Every structure is written in structure tokens, then in C-alpha cells.
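Here's the letter readout for the chains.
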Amino acid sequence: MFEINNMEEINDGNLAQVRHVVLVLSGKGGVGKSTITTELALALKHAGKKVGILDVDLCGPSIPRMLSMGRPDVHQCDSGWVPVYTDAQKSLALMSIGFLLEDPDEAVVWRGPKKTALIGQFVSDVAWGELDVLLVDTPPGTSDEHLAVLENLKKHRVDGAILVTTPQAVSTGDVRREITFCKKTGVRILGIVENMSGFVCPHCSECSNVFSKGGGEELAKMTGSVFLGSVPLDPLLSASIEEGRDFAESFPDSATFSAISSISQALLNSLQTD
């Protein structure tokens, strides 16, 4: 399939031109963490930033599809792997295990040490070049993968983490454990994003609270965290993700894009004041 290098051979200089590294975390699966990662990256790109996405969700690499990247060949240079770019201007770069699997339906059935080794290679052996922000899309929970990311980023400062939740108590309860993980590992919490916060009617654009609303904001208040904003469940956004289209380009005047853009600006402000 592909070769995982010995950790001592990894080049630690590939992050030297990356200004900010931000982890995207969630306490449980199904909250739309990869969607938020993808849309934040696109919003930052439209704001004139050079952005990278490191997809370390090894068992569920969905971002290549969300960005309509297909299965391009991953090339190597003297510094390591060359990321896959979504545009000719090379303003959005992506590296994912989804590019390295021979069969897109192949299951990644690996034990911890092999996952840890690949994450180490992803962190240090991808030639990102100059980036304003590198978003690291992690799997749900607080597992070996998260510890491997932090261990391999020790030589390069991690600015902090964005926590993604849905409004329901069952989700915010899991995110509380994610907050505890961040505190134990010394990761700064940049803020909380409430995803699927209401449902946007495709006919009249009115937003209704199908599930509930405000759970993420309440959690931020309870834990003393910054609330970055909420993103509704929008059929137009869902269709864009499914079809790999840039939501910002297709619906720049929508309330949903306005919410995502506001969150990305709040993130940039937080990084600039760090």
C-alpha cells in the first residue's frame, strides 16, 4: 500500500513555515467535525489565507470527498510527501490517508502502534510550505491518535483546539470530557462551535429548532470557554458537501455561510491575539 518510515528518519522542518496549528476535536462521532473543518478551511481561503488540512481521522477519511479531490497520486520531494492542492493557486492543501489507500472501500484495520507511526509521518513528513493556518481534523474521542498528534507536534507550537458539538446534552456531555483532555494535555481551547443548531427550511430559509439550540453556548459559559458561534443544519450545505462543491462560492449570501465566515474570523482574531 505505502511505506511508513522509521520515526527517526522524519523531517521535523516541514512545519517551519506554518504560522498556526489548530486541532479540531469532538467528543463523539456524527457531530459534523469534518464538515466544520472543511468549511472553515474554505472560509479562511476566501479570506485570503493559505490553509492546510491534515486529516488524521484514519478510519473515516471523508475530507477528500468533501473537497471533491478524488484519488490523486501523492508525490514525494526531497522533504517528504507533497500535499494535494485543491486549486491552481495552491491556497488550500490537504493530506489524508484517503489518498494512500489502493481501494477507497478498504478498511483501515490497524493496531495503535501502526496508527501512531503514520500520524507521526503525517505530522512531520508532509512538505506543507508556507501556510497561515494548518487545521488538524482528528477522529472523535480522546484516543491514541490524539496523543500521537500532540506528541509529534511538541517541536512545533500548537495554538490550540476548536471543539465541535451539537446542541443536545448527550453531545455536550462528551465535549466536557474533551475539555478535560485539553486541560490535562496543556492544549489551549480556542473556542466551541455548535453545529446542527436549528434547521434551515429550503423553501423559506426560516431556521427552526428541530433538535434543540444553545447547548454549545451554555457549555462554553459553564466551562469558561469562548463560544465561536453556531452553524445550522442547512440542506444547501449538506448538498454542497455531498457533491464536493465550495459552499461559499455557491451561496455567498446565505445566513449559513455568514455564520461560518464569522466563526473563521473569530478564530483568526484569537490566533492573532495569542
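These numbers were taken from a predicted model, which means no experiment stands behind them.

Points about the packing of helix H1 (residues 33-46) against helix H9 (residues 255-272)
Working step 1: Running from amino to carboxyl end, H1 crosses H9 at an angle of 75°, the nearest separation of the two axes being 9 Å. Of the possible angle classes, the one that applies to H1 and H9 is roughly perpendicular. Mapping the contact onto sequence places Glu-39, Leu-40, Ala-43 and Leu-44 in H1 and Ile-260, Ser-261, Ile-263, Ser-264 and Leu-268 in H9.

Structural notes on the UniProt feature "binding site: [4Fe-4S] cluster" (unreviewed entry) in the chain
Working step 1: UniProt's entry tags Cys-201 and Cys-204 with the feature "binding site: [4Fe-4S] cluster" (unreviewed entry), counted in the numbering of this structure.
Working step 2: With respect to the secondary-structure elements, Cys-204 resides in the loop between strand E9 (189-200) and strand E10 (207-208).

Considerations on the packing of aromatic side chains
Working step 1: Taken as a whole, this structure holds 2 aromatic pairs when the rule is applied.
Working step 2: With a centroid separation of 5.7 Å and 65° between ring planes, the pair formed by Trp-81 and Phe-122 is classed as edge-to-face. Here Trp-81 is found in strand E4 (residues 80-81), whereas its partner Phe-122 is found in helix H3 (residues 112-124), with 41 residues between them in sequence.
Working step 3: Here Phe-122 falls in the buried class, since its relative accessible area comes to 0%.
Working step 4: For the ring pair Phe-247 and Phe-251, a centre distance of 5.5 Å and an interplane angle of 40° mean the geometry is tilted.

A look at the environment of Ser-250
Working step 1: On the secondary structure map, Ser-250 appears in helix H8 (residues 247-250).
Working step 2: Residue classification places Ser-250 among the partly exposed residues on the basis of a relative accessible area of 33%.
Working step 3: As a C-alpha pair, Ser-250 and Cys-207 span 43 residues in sequence and 20 Å in three-dimensional space.
Working step 4: There is a polar contact of 3.2 Å between the side chain of Ser-250 and the side chain of Arg-245.

Conventions we followed
Residues numbered from 1 in each chain as written. Predicted model: local features only at pLDDT ≥ 70, side-chain atom pairs only at ≥ 80, totals over all residues. Heavy atoms only, no water. Axes fitted to C-alpha atoms, helices over the stretch in contact; angles between N-to-C directions. Helix = DSSP H or I, 4+ residues; strand = E, 2+ residues; numbered from the N terminus. Parallel < 35°, antiparallel > 145°, perpendicular 65-115°, else oblique. Contact = heavy atoms within 4.5 Å. UniProt positions renumbered as here; feature names shortened; annotations may be inferred. Phe/Tyr/Trp six-rings, centres within 6.5 Å; stacked < 30°, edge-to-face > 60°. Buried < 20%, exposed > 50% of the residue type's maximum accessible area, 1.4 Å probe, protein only. Polar contact = N/O pair within 3.5 Å; in protein donor to acceptor, adjacent residues only side chain to side chain.

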